[in-house]
Structure formats: structure tokens, C-alpha cells
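Observations on the three-dimensional arrangement
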Amino acid sequence: MTIYIESFIIQNLLINFCLFRLVQLTIKPKTKFFKMLLAVFIYTITSTILALINLNYLLANILKIVLLCVSLFIAFKQTFKQHIFSFLLLEIYNFAFIGATILISGKLNFLKFGLTGASTISLETFTIIAIISTYLFENVVNKIKFKIKNGNLVYPITLYFKQNKLTINAFLDSGNLLSYNQKPVVVVDLESYLKLTKQDIVNFYLTNKTDKNIKLSTVAGNNSLKIIEIDKIEIKINNKTKILENQYIAINNLGGFKNTNYQALITPQMI
């Protein structure tokens, strides 16, 4: 069986980068892309040279472990204990990678310097897909963490106006200190307001000039929001219902709640 050294190096570069990337993704050590790439390059080249030298099996493996530890020190800025954990984690991922390689390979050959296999999917393609997957996974996890964090600040509220009521989600905005007549003001999106009051958008803009308004200052400038008093607001907090009578709501017609899972903003004073 003929194995080209350049192909062997490229495959190992991709595999080692994927392993280092998985460690970095799991425990978030301080690093930079080029530092990690440099560490992977040094480890791949030195371990390849080591494999080509006819050394005792035990000595060769000890040297490989030393090289791997040095590469981890180059790649990641962390304590000695954290480096030990990174080393163990990398080895776990390495065994998992070997298992995945065995799974896609129809024929395997165990050589003194590594494992080779034949498959319909090349090892280069497999490793590139794995590396891309780590970036996709990181992006998805970060978004999920953000959603979970924000989800803890979303409360179901029910608005009552005359004979009508409407249940929507409200986000607890710590920066929302809007008040009117010494009462906190709930900012509601225009669509929810129209549903609550059984109005259409034409009536909203026709009556907007005669109704009460409140000034809202943002980084984009000053805006004036229509404000009305409703009968009451019910807020569900930890399976308990808090009732606030005669509350003011401001109608946000600026489209600030698009692509969110809430339709209103409440203040910390209401919780």
C-alpha cells in the first residue's frame, strides 16, 4: 500500500485541528486562532518526524505525549490543572474520532505510525465537515444560551380594557423606567394594542393627535408614544398572579419588537 507523506500530513493537520477546536469549544480556554493553528502545525510535523524515526514503541509514545502537552501549552493559556484536563479531553475526542473513522471506513490498516482506511468519503472531507460542524455547533449553542437567558425574563401578562382582554408575553427590561402620573408604564407593540382595543390602524393614527402622549428618549433620538389607561394588568410570576389596577400602557408603533418572543416591555417596579 502506497502512502504519500504530504497526504498523511494534511490529514493529520485537519484531524489535530479538529481535536484542538473541540477542546477549545468545550472548556473555552484563552486562545487565538493562529496560536491554535501554530500549535497544531508544530505537533503534526514533529509527531510525523517522530513516526518516521525507528524508535522503541514505548519511547515513541512517551515523546508523543510530551509533544502534545507542549502543543497544548502553546495553543491555550490556562493553569497546569486545566492543561491536564485539556489533555484528557483531547484524548477522549481522539478515541471518538478513531471510532467515527472506523465507522466510515470499509477497510482499515494499522501501521506503526497510525491508522489508515479506505472509504467512499475521504478523510480530508470527513475532517473538514467535522471542523465546520464545530463552528455551526458553537453558533447554535450561543443562540440557545441567549434564548434561555432571555426566556427567564419573559412573563405572560393579560391586559384588560373595557370588555376586552389580551394575553401576551412581556420582557422585563431593567432599563425601562418609563412612568406617568407616578405609575410605571408598560410599552406594548401596535399590533397587540389594536387587538386589545378592537381598532384598525387608520383609527389609531387619526386619534393619535388628540390622545395623551409620553416622550421616549433613545439612542436614535426622541419619540412620542401614545399612552392610554387600561382597567388592569395581570402578571404571572412563578405560578402566581399579580394584579395591577388602572395601569398605563404606551403604544410602540416603531416596530421594535420584531423577531422577538415578546410583545411588551414591563419595568422592574411591576415585579
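As a reminder, the structure under discussion sits directly above these lines.
All of the points below concern the structure found in this document. (Residues numbered from 1 in each chain as written. Predicted model: local features only at pLDDT ≥ 70, side-chain atom pairs only at ≥ 80, totals over all residues. Heavy atoms only, no water.)

The next subject is the environment of T260. Here T260 lies in the loop between β9 (240-252) and β10 (264-266). Assessed through its relative accessible area of 31%, T260 is described here as partly exposed. Along the sequence, T260 and F171 sit 89 residues apart, while their C-alpha atoms lie 9.7 Å from each other. (Helix = DSSP H or I, 4+ residues; strand = E, 2+ residues; numbered from the N terminus. Buried < 20%, exposed > 50% of the residue type's maximum accessible area, 1.4 Å probe, protein only.)

We now examine the packing of helix α2 (residues 33-52) against helix α3 (residues 57-75). The N-to-C vectors of α2 and α3 enclose an angle of 165 degrees; their axes lie 8 Å apart at closest approach. By the criterion of interaxial angle, the relationship of α2 to α3 is roughly antiparallel. In the packing of α2 onto α3, the handedness of the crossing is right-handed. Across the interface between the two elements, K35, M36, L38, A39, I42, Y43, T46, S47 and L50 of α2 pack against A60, L63, K64, L67, L68, S71, I74 and A75 of α3. In terms of residue class, the contact of α2 with α3 is built from twelve nonpolar, three polar and two charged. (Axes fitted to C-alpha atoms, helices over the stretch in contact; angles between N-to-C directions. Parallel < 35°, antiparallel > 145°, perpendicular 65-115°, else oblique. Left-handed = near helix turned anticlockwise from the far one by under 90°. Contact = heavy atoms within 4.5 Å. Nonpolar A, V, L, I, M, F, W, Y, C, P; charged D, E, K, R; others polar.)

Structurally, S71 is set in helix α3. Residues within four places of S71 in sequence aside, it is in contact with F20, A39 and Y43.

Another point: α2. Between its first and last C-alpha, α2 extends 29 Å over 20 residues, near the 28 Å set by a 1.5 Å rise per residue. Buried residues of α2: M36, A39, V40, Y43, T44, S47, T48, L50 and A51, and no others. Relative to the axis of α2, the buried residues are bounded by an arc of 160 degrees and lie together on one face. What points out from α2, more than 90 degrees from its buried face, is the exposed set F34 and L52. Where α2 is buried, its residues contact α1 (5-27) and α3. (Expected span 1.5 Å × (residues − 1). Arc of directions from axis to C-beta.)

What follows deals with the packing of aromatic side chains. Scanning the entire structure with this criterion turns up five aromatic pairs. Residues F171 and Y262 carry aromatic rings whose centres are separated by 5.0 Å and whose planes lie at 25 degrees to one another, so their mutual orientation is stacked. Linking F171 in strand β4 (residues 164-172) with Y262 in the loop between β9 and β10, this pair joins segments that are 91 residues apart in sequence. Judged by its relative accessible area of 16%, Y262 is buried. Geometrically, the ring pair formed by Y180 and Y248 is edge-to-face, given 4.9 Å between the ring centres and 75 degrees between the ring planes. Within this pair, whereas Y180 is found in strand β5 (residues 179-180), its partner Y248 is found in strand β9, the two being separated by 68 residues in sequence. An aromatic cluster of at least three residues, connected via ring pairs, comprises F17, F33 and F34. The aromatic ring of Y160 is capped on one face by K232, whose charged end is 4.6 Å from the ring centroid. (Phe/Tyr/Trp six-rings, centres within 6.5 Å; stacked < 30°, edge-to-face > 60°. Lys NZ or Arg CZ within 6 Å of the ring centre and 35° of its normal.)

Fair warning: the whole summary comes from geometry, so function is off the table for now.
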